Every structure is written in C-alpha cells, then in structure tokens.
Amino acid sequence: MIFLLLNSLCQDPDANCKYGLCFRDGKRKVDYILVYHYKKSSVSRTLTRRIHHNDSSARSIKQDHPLPGKGGHLDMGENEPHMDYHEDDKRFRREEYEGNLMEAGLELERDEDTKIHGIGFVKIHAPWNVLCREAEFLKLKMPTKKVYQINQPHGLLKKINSVLQKITEPIQPKVAEHKPQTVKRLSYPFSREKQHLFDLSDKESFFDSKTRSTIVSIVFKIVHCYYVFVCQGITSLLANGVYSAAYPLHDGDYEGENVELNDRKLLCEEWASYGVFYKYQPIDLVRKYFGEKIGLYFAWLGVYTQMLIPASIVGVIVFLYGCATVDENIPSMEMCDQRNNIIMCPLCDKTCSYWKMSSACATARASHLFDNPATVFFSVFMALWAATFMEHWKRKQMRLNYRWDLTGFEEEEAHPRAEYEAKVLEKSLRKEYRHKKKRRHLPEETANKWRQRVKTVMAGVKLTDKEKLTWKDRFPAYFTNFVGIIFMIGLTFAIVFGVIIYRISTAAALAISSTPSGRSSVRVTVTATAVIINLVVIIILDEVYGCIARWLTQIEVPKTDKSFEERLIFKAFLLKFVNAYTPIFYVAFFKGRFVGRPGDYVYIFRSFRMEECAPGGCLMELCIQLSIIMLGKQLIQNNLFEIGIPKMKKLIRYLKLKRQRSLDHEEHMKKKQRYEVDYNLEPFAGLTPEYMEMIIQFGFVTLFVASFPLAPLFALLNNIIEIRLDAKKFVTELRRPVAVRAKDIGIWYNILRGVGKLAVIINAFVISFTSDFIPRLVYLYMYSENGTMHGFVNHTLSSFNVSDFQEGTAPNDPMELGYEVQICRYKDYREPPWSENKYDISKDFWAVLAARLAFVIVFQNLVMFMSDFVDWIIPDIPKDISQQIHKEKVLMVEVFMKEEQGKLQMLETWKDKDMKKGENCNNHSPKLSRSHSGSVSSCHSYHIDV
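Residues numbered from 1 in each chain as written. Predicted model: local features only at pLDDT ≥ 70, side-chain atom pairs only at ≥ 80, totals over all residues. Heavy atoms only, no water.

### Some words on the overall build of the protein
A tally of helices and strands in the protein yields 33 helices and 16 strands. Looking at the 946 residues of the protein, the share that counts as buried comes to 48%. In the protein, the proportion of contacts linking residues at least 24 apart, taken out of those at least 6 apart, comes to 81%. Accessible surface for the protein amounts to roughly 48300 Å². Of this, 60% is attributable to carbon and sulfur atoms. (Helix = DSSP H or I, 4+ residues; strand = E, 2+ residues; numbered from the N terminus. Buried < 20%, exposed > 50% of the residue type's maximum accessible area, 1.4 Å probe, protein only. Contact = heavy atoms within 4.5 Å. Areas by Shrake-Rupley, 256 points an atom, 1.4 Å probe, with all protein chains shown as cover.)

Here is the structure:
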C-alpha cells in the first residue's frame, strides 16, 4: 500500500495528460490551442516555481483552471507591478472571447506554467454535443453501420489488375489506408435524430482529430467579441496581437525510440522521407491527417508528376534526334564551311568590325538540337498531353471524391469574414450617425431608438444580411488595385528594358577588347550574365509581388474566405506570370524584330543600337534563357528557400526562446508539452505558394516547349524531390493545418486550362516566327533548285554596300580581316544594293510572312480541335465510379425503406397490444377497485408511452 502511494506521488503529472494531448484529467482531448503573450513579474515566477517544487499538483490547480482568464494570475497585492493599459485591454478581450467560446459549448483549460517564458496556452476541447451539433450543421458525411461490397472487375480485367498489383507492390506505401478496398461503409450526412444509423460504439474515435479541429475552427469563425464598435473574430484577434497563434495539435512525436506509432510517425516514415521517393504517396492517410484540401493538392501533384514521365521520354527522344542529325543538317554545315567565306556586317557601330559567318559555327550546330522538324511534332504532342492531363486529373478527382465521401458535397454559403463584418458595422453606424444629424430637431425618442439599434448591434445581431458592401464602397480599393497592378506590370517591363540596355552596352564594351578570344565570346558572356540578372530580379520581385497581392486583396475586404483566396490567387498569378515570362517573351518575339538594317539601324536614346539575333536565329538564346530561369527558380526559390528559410526561422525562434528562458535545472529537464513543441514550429501559410510554383513550372513545360524539349525532364526531376520536400515540411516543420473540406482544386483548375490553351498559341508563334522552320519549308518548296536545303543560308542573307554606312557608324578598323571589304551580309529579306529599290523589303519576305501566318492559323485550330476531341472522348467520371455512386443511392433508399417498414410494424404491434390491453381492462371485476384503478392508470401510462 505504501509502495502504491509513493508511486502515485512520484508519477509525472504530465504523463497523465499524455504530455499536452489531453486535459489535466487525462480523458478530454485537446482539439485546439490558443496562444497568447502575457507579462509577469519575476516575484510571481519565483513563487510559482517554489509552489511547484513543494506540491506537484499545484500546477494543475493553479495554472490549469478550467475558466478562461483566471489560471496563472497570482494575487501578489502591492508587490505585483501594475500591467500597462495595452496588456489589460488584451486580457479583457481574451476573457470576453473565451467566455463566448464557453457559451458556445467548448471546454477550456489554461496553462501558463510552461518552459516558454511569457507565453500562455488555452487548451480547447469540443464535447460530444458540440461535435454532433456542428457535424449536423456542416452536413458531414459519416460512415453508417451498413457495409456493402465494392464491384470488382471480372475476367481479363481482374487478371490484369492482379498482375499490376504484384508488379507495383514494391512501390506501394506500407499503410493500411492504401490497401485496395473490397468493402465500404455507406456514408450519410450526420443527423442527431438518426444517430441509430451510425456506429457509435466508440464515441471517442467516431470523430477523428482532423474533424474535431475543423469543428472547433468553425466555432471560432462564428464566435466574435465586440469591442469599441468593432466586431472581432479570431482572425482580427490574431492580427491585433490579442492571441499570438491558434492551431490544432499534431498527433505526437515523429522520431525517437519509445515513440508510440501514430499517423504523424507513419507519414514521416512512408511519405516524408527521401528514401521512399520511388513509392506512391499514401494519399488517403494524408487526407486523414491533413484534410481533403491538402490531400487534393498532393494527389494533383502526384498525377502531374506521373504524367511528366511520358512527356520527358518524348522530349529526350526529340533531343536525341537533334543530336543524331546535327551532322546531316545542311544549313549548319554551310554556316560552318569556311570555304563559303561569307562576310557579315558589324554587330555594333565603330568598335565592331566585319566577321566571318563560320565563327558562329558552334551556335548554329547547337541551334539544330532544339530547332528541327521533331520539335513541331513535340509541340503538338505537348498540347494533347496537357488536355489528357486535365482529363486524367478530373477522373482521379472523381475517384477521390467517391473514396472520401465527397460525392454530393456542395459548399454552403460561408460565414462572412470578421473584417467584412467590421466594415459593414462601420458603414451601418455611419449611416445611423448621418441619419441622427439630419433629425436633431426630433424628440428624444429618436435618439433613444438610435441608441437601441447600436446596443442591438453590439449584442451581436447579424448585419450582413441587411447591410452589404456595394461597388461604391469598394471603388477606392478597386481603383487602388487597378493602379497598383498596372504599376507593378510597368515596373517589370522597365526592369526588362533596363536589362536590354545592359546587354547592348555590355556587348559594345566587350567588343572593344583587343583579344580575339574576348571578341568571340561576347554573345555568350552577355547572354549568360543578363539571364542571371533576370533570374535574381525575378526571385526578388516574386516575394515582393506576393506581399503586394495580399495587401491589395485585403483592402478590397472580400466577404468570405473563399472569395478572399480566389482574388488573392488571381492577383498573385497575374503579377508572377508577368514577372517570370516577360524576359522570355522579349527574346522569343521581340529581339531582332526591330533592328533595322545596316545604314539605317534603330537606336535607343540615339546611342544604343537594338540588339539582333545570332545567324542561327534567336531560338538557341531562348533555350538558354528558359533553361537558366526555370532551373534557377526551381533550385533556388523552390528548394533552397523552402529548406533554408524555415530552418533559419526555427533556429532564430529557438535562440530567442533560449535567451528569454530563466528556469532552474529541474524545470529545464522536464519534457515539453505537445503544444509547446508545436508552437516552435512554423505557422502554415496556405497552399497558394505551393500551387503557384507548380503552375509557373507548368507554364515553363508547356508554353515554350518548342524551344526546350528537355523542360519536362527537368520538371520531373524537380517534382520527385518537391513531393518529399513538401511532405517533410508539412509533417516536421509546420504546425498542423486546420483541415478544410474541398471536392476540387478550385480556381487552379481554370488557371491550368487557361495556360494550356495559351500554350497552343504561343508554341504556334514560336515555331512560326522564332525558329527557322517556316523559312526552310518556303525555301524547300518554292526556291530550291534541286529540292534540297543547299543554298538556304545564302537565301536568308541580304547584301549591303559598305559605302552606304551612315557617317560615324563604319568600323574603325575595316582591315581587321586582312583585306578590304566591299559587300557585307546581314540576315533579312531585302533588295540588294544594285537593285532599283535597294534595301527595300523583297517579295521573299512577304511570301515567308504569309506562310508563317497561315501556319499559326492551321496549327492553332488543328491542335485546339484535337485537344477538345480528347476532352470530349474521355468521360469525366469513370464508369465504375458512377455505378458505385448509383449503388450507394439505391442502398441508402433501401435502408430508409427498411427503417420505415420497421416503424410501421412496430406501430401495428403496439396497436394490437393496446387493443388487447383495453379488452383486459374492460373485463376486470368492479370489486377490485384498487387494482382496477391501477390497471386503468397503467393503461393510461401505456397510451402516453406509445
């Protein structure tokens, strides 16, 4: 007996509550945590530690009082310094808000005796009645007692599926949720009146931790506190510093020897590890732990990565075809042939001299790797690939909706945001104030009526149904948005223009170099340095534009969270799309188009001559630009930033807490509570950055794929790392997000479709205007004498008489090649100097332009038609899923029919018993008055029971 008593006294009180996962009683689960800062005197903290040292249960009594705002504040009398006004104000608002939470049915417990100095935690538990009430309101589909068999394939399909399962078994995650299901529980929206339909044998696990935290977060959005005529929800309280954080808890630790197996640990082992990069994702377990919205993101990322495999294979084949045929390419062979002795005009004024075309041999040969007939086929393939990917995702999405019981799920009208309600309240009060000023001559009753309206508003009456923000109220915000977005786009264009000036001036400066090697590498040096500058600017502006997009969305004051998210996504995507692709658009469609000709060049600021493309065209430079920006963004922004910045923030937070900590050795050695550990993690910032980087990558893969066939391969390699990197971040680096129900990926699907349609148009113009594919076809079928490409290079070059140079633009050293040059060549379709209309645009130019425009029209319409055909021929809902959904509906009807039949049978049985009972009552002897009366009373009570 003494041994048991000593054991109970020595037992760690934190172990009873599973180190923060439960309340102090060890039974009620912690569903949510509110964190706040408070100021406490050193005397109070010394006394707190002394009490804890003397009595192990003091912490539970003193700090974890179930009433909000009471625990942890010792009455020190005169010794305790008076807290400042702001702290009192925050404490008052916390007490009011927590009181409203308790009125809503939630249970609270406070803890201020933690290892983190000055940080208090409010533990929140949702009891069974609150869970049932909110689940019914949210129409959550919960599994019933009814179990049915899932239709399995038969015959040949069954054999094929069994073979595929055996083959893919090594790459399947070892989690129970990922195993193929043969039976499924029938689901039905939860109803308190129909609780008998659901399996409530274990009420503790009926609502999992994800669902419990979701319900608490819904209660947070409904509950407000009204302070100084301002409606404040949890968002406003967090923004104003009343609370510093609000988050649900992780299930437990994910590493350690004696850690119990939980979903977080399982996800860390089978999903968030680089060692399992070759395995499928346990999407069902991800959904179970993080919710449908995050589960859909990782499912979409997995489908996108899988679809990149065939695109990468075809892209590598196209690239290898270019490598194999580079020695057979007649135009590049002619450019490299020194016997042709083609003298080109200077690339800049004065400092540059004449040069031989054969010096650009390497560029010409490299251009063929990406500019060959196979790239046209690859562009068509990628357009069809994008359409197939979208259809495949829709089908996958329907399968997930069926498995996750989201069929028939429709989003209810969301509760207005606290900021919107505050704006509506402000508008209503302004209107009442103006109304009062107009009627000052009226008796006092009007003023009393106005006061009564204000009191009604302060009491929490919902105004958003009566009063709404109109476009007039939002016009200043809309105008600011328009001006801000135009300014940011103009800033991007200005930066690109500045890089163009840098390229032109640097090329002219390097051309003065006296060394031949320096002059030969001018183009490569300028291109490489300019692309690196563009990359740095893009990365910096991406972060700036993200903050600006959020600010512009906030001043609009959208009504719901969904509206806020969609507007934010649209603005951020627009700004980041322009930021990422403007330098690439310049190289693809503008560089070399407005150069002019020798003797009549186009100048910027009357001193900088517009740069022109290499003799092999701008496609090679476009490929360099695209590859460096794509790889640089993925490597630096997406991977290094995602790994480095969270770890750096975590380290800074740890050092700050370590510096603030003033605890004795005993408290320092004490194991941290779960909510303390999770507080040190990085807060979840939403899925917008994750989707955004993948959508921008999707643009790199599809928009300019004609110039860079290896883009899908690099995207595939990046995504294999990205999936595990994001998984590790969600499981180990971030606080647990609030689970959000969703049946699709929302506005991102429309953006993907838009990028896919735009990719067809851009690739048509890249093939037609940036590459030499169309000029080669025109020469082959209209101008070639022997039906080959011999003479094509000479056909694309025009002649210029060096005596026609403008004054002050001729080369300073015309004898650099060792002989005097009379005629130099330049790339354009113009009349020769000996023609009557010398240097005018020739007929060949118009023939090539007509062919280019015709190709754009034919390519665009043909590929669009093929994409729409793929969209039409592939059904959105798989046949087996539609059959299962129909089967569920039939089974649900059968369940209710049986229930109604049972009720009718029971009523008939009770009716028969009632009739027999009545006959027995009438046949009783009148002598037995006591028993008679008892019988009558019992009959009466029976009627009442029925």
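### Some remarks on the state of the cysteines
Here the structure, examined in full by the defined rule, presents 2 disulfides. Paired by a disulfide, Cys-336 and Cys-361 hold their sulfur atoms 1.9 Å apart. In this structure the cystine formed by Cys-336 and Cys-361 twists about its S-S bond by roughly 95°; its chirality is therefore right-handed. With Cys-336 in helix H14 (residues 330–336) and Cys-361 in helix H15 (residues 361–370), the pair connects residues that are 25 residues apart, well separated along the chain. (Disulfide = S-S within 2.5 Å.)

### Regarding the environment of Pro-173
Along the chain, the position of Pro-173 falls in the loop between helix H7 (156–168) and strand E5 (183–189). When the C-alpha positions of Pro-173 and Pro-282 are compared, they lie 6.1 Å apart, and in sequence the two are 109 residues distant.

### Section: the UniProt feature "transmembrane region" (unreviewed entry) in the protein
Per the UniProt record, "transmembrane region" (unreviewed entry) is found at residues 297–321, 374–393, 478–504, 524–548, 568–589 and 694–717. For residues 374–393, the end-to-end C-alpha separation is 28 Å, with 100% helix and 0% strand making up the annotated structure. Secondary structure across residues 694–717 comprises 67% helix and 0% strand; the distance between its end C-alpha atoms is 13 Å. (UniProt positions renumbered as here; feature names shortened; annotations may be inferred.)

### Remarks on the packing of aromatic side chains
The relation between two aromatic rings is expressed through the spacing of the ring centres and the mutual angle of the planes. Tallied over the entire structure, the rule returns 53 aromatic pairs. For the pair Trp-271 and Phe-298, a centre-to-centre distance of 4.7 Å together with 80° between the ring planes defines the contact as edge-to-face. Note that Trp-271 is positioned in the loop between helix H11 (263–270) and helix H12 (283–290) and Phe-298 in helix H13 (residues 292–324), a separation of 27 residues in sequence. Phe-298 shares its class with Trp-271; the two are buried. An angle of 65° between the planes, with centres 5.8 Å apart, marks the rings of Tyr-779 and Phe-792 as edge-to-face. In this pair, Tyr-779 sits in helix H29 (residues 773–783) while Phe-792 sits in helix H30 (residues 792–796), placing the two residues 13 residues apart along the sequence. Just as Tyr-779 is buried, Phe-792 falls in that class too. Positioned above the aromatic ring of Tyr-402 is the side chain of Lys-184, whose terminal nitrogen or guanidinium carbon lies 5.1 Å from the ring centre. (Phe/Tyr/Trp six-rings, centres within 6.5 Å; stacked < 30°, edge-to-face > 60°. Lys NZ or Arg CZ within 6 Å of the ring centre and 35° of its normal.)

### Side note on the packing of H11 against H12
Close contact between H11 and H12 brings their axes to 11 Å; oriented N to C, the two are set at 145°. Two packed elements cross with a definite hand, and for H11 against H12 that hand is left-handed. On H12, the residues touching Asp-263, Arg-264, Leu-266 and Leu-267 of H11 are Leu-285, Val-286, Lys-288, Tyr-289 and Phe-290. Across the contact of H11 with H12, the residue classes tally to 6 nonpolar, no polar and 3 charged. (Axes fitted to C-alpha atoms, helices over the stretch in contact; angles between N-to-C directions. Left-handed = near helix turned anticlockwise from the far one by under 90°. Nonpolar A, V, L, I, M, F, W, Y, C, P; charged D, E, K, R; others polar.)

### Notes on the packing of helix H21 (residues 522–556) against helix H22 (residues 561–590)
Two elements in contact, H21 and H22, have axes separated by 9 Å at closest approach and are oriented at 155°. With respect to each other, H21 and H22 are oriented roughly antiparallel. Relative to H22, the crossing made by H21 is right-handed. Across the contact of H21 with H22, the residue classes tally to 12 nonpolar, 5 polar and 6 charged. (Parallel < 35°, antiparallel > 145°, perpendicular 65-115°, else oblique.)

### A short note on H13
For an α-helix, the turn length of 3.6 residues means that residues three or four places apart are oriented alike. If you check H13, its first and last C-alpha atoms are 48 Å apart, about what 33 residues at 1.5 Å a residue would give, namely 48 Å. Of all the bends in H13, the greatest, near 25°, is centred on Ile-309, and the proline Pro-310 appears no more than four residues after it. (Expected span 1.5 Å × (residues − 1). Bend = angle between axes of the 7 residues up to and from the residue.)

### Some points on a nonpolar patch on the surface
On the surface, a nonpolar cluster with roughly 780 Å² of combined accessible area is contributed by Trp-471, Phe-475, Tyr-478, Phe-479, Phe-482, Val-483 and Ile-486. By the secondary structure assignment, Phe-475 is in helix H19 (residues 471–511). Under the relative-accessibility criterion, Phe-475 is labelled partly exposed at 46%. (Patch = residues over 30% accessible without salt bridge, like charges linked within 9 Å, V, L, I, M, F, W, Y side chains within 5 Å. Salt bridge = Lys/Arg side-chain N within 4 Å of Asp/Glu carboxyl O.)

### Considerations on the pattern of salt bridges
By the definition in use, this model includes 40 salt bridges. Residues Glu-621 and Arg-503 are paired through a salt bridge, measuring 2.0 Å at the closest nitrogen-oxygen approach. With a gap of 118 residues between them, Glu-621 in helix H23 (residues 619–660) and Arg-503 in helix H19 connect regions that are remote in the sequence. For Arg-503, a relative accessible area of 3% gives the class buried.

### Observations regarding unusual backbone geometry
One non-glycine residue, Asp-405, lies in the positive phi region at around 60°. Examined against the element boundaries, Asp-405 turns out to sit in the loop between helix H16 (373–403) and helix H17 (418–438). One non-glycine residue with positive phi stands out, namely Tyr-839, at about 65°. Among the secondary structure elements, Tyr-839 is positioned in the loop between strand E16 (823–827) and helix H31 (843–873). Given a relative accessible area of 5%, Tyr-839 falls into the buried group.

### Description of the nonpolar core
Phe-290, Trp-300, Tyr-304, Trp-385, Tyr-581, Phe-704 and Ile-745 are the most contacted members of the largest nonpolar core, which totals 119 residues. Sorting elements by how many residues they give to this core places H13 first, with 15 residues. With near-sequence residues (within four places) excluded, Ile-745 lies in contact with Leu-296, Trp-300, Trp-393, Gln-397, Tyr-691 and Leu-752. Core analysis: the second largest hydrophobic core is formed by 45 residues, Tyr-36, Leu-106, Cys-132 and Phe-207 among them. (Core = buried A, V, L, I, M, F, W, Y, C linked by side-chain atoms within 4.5 Å.)

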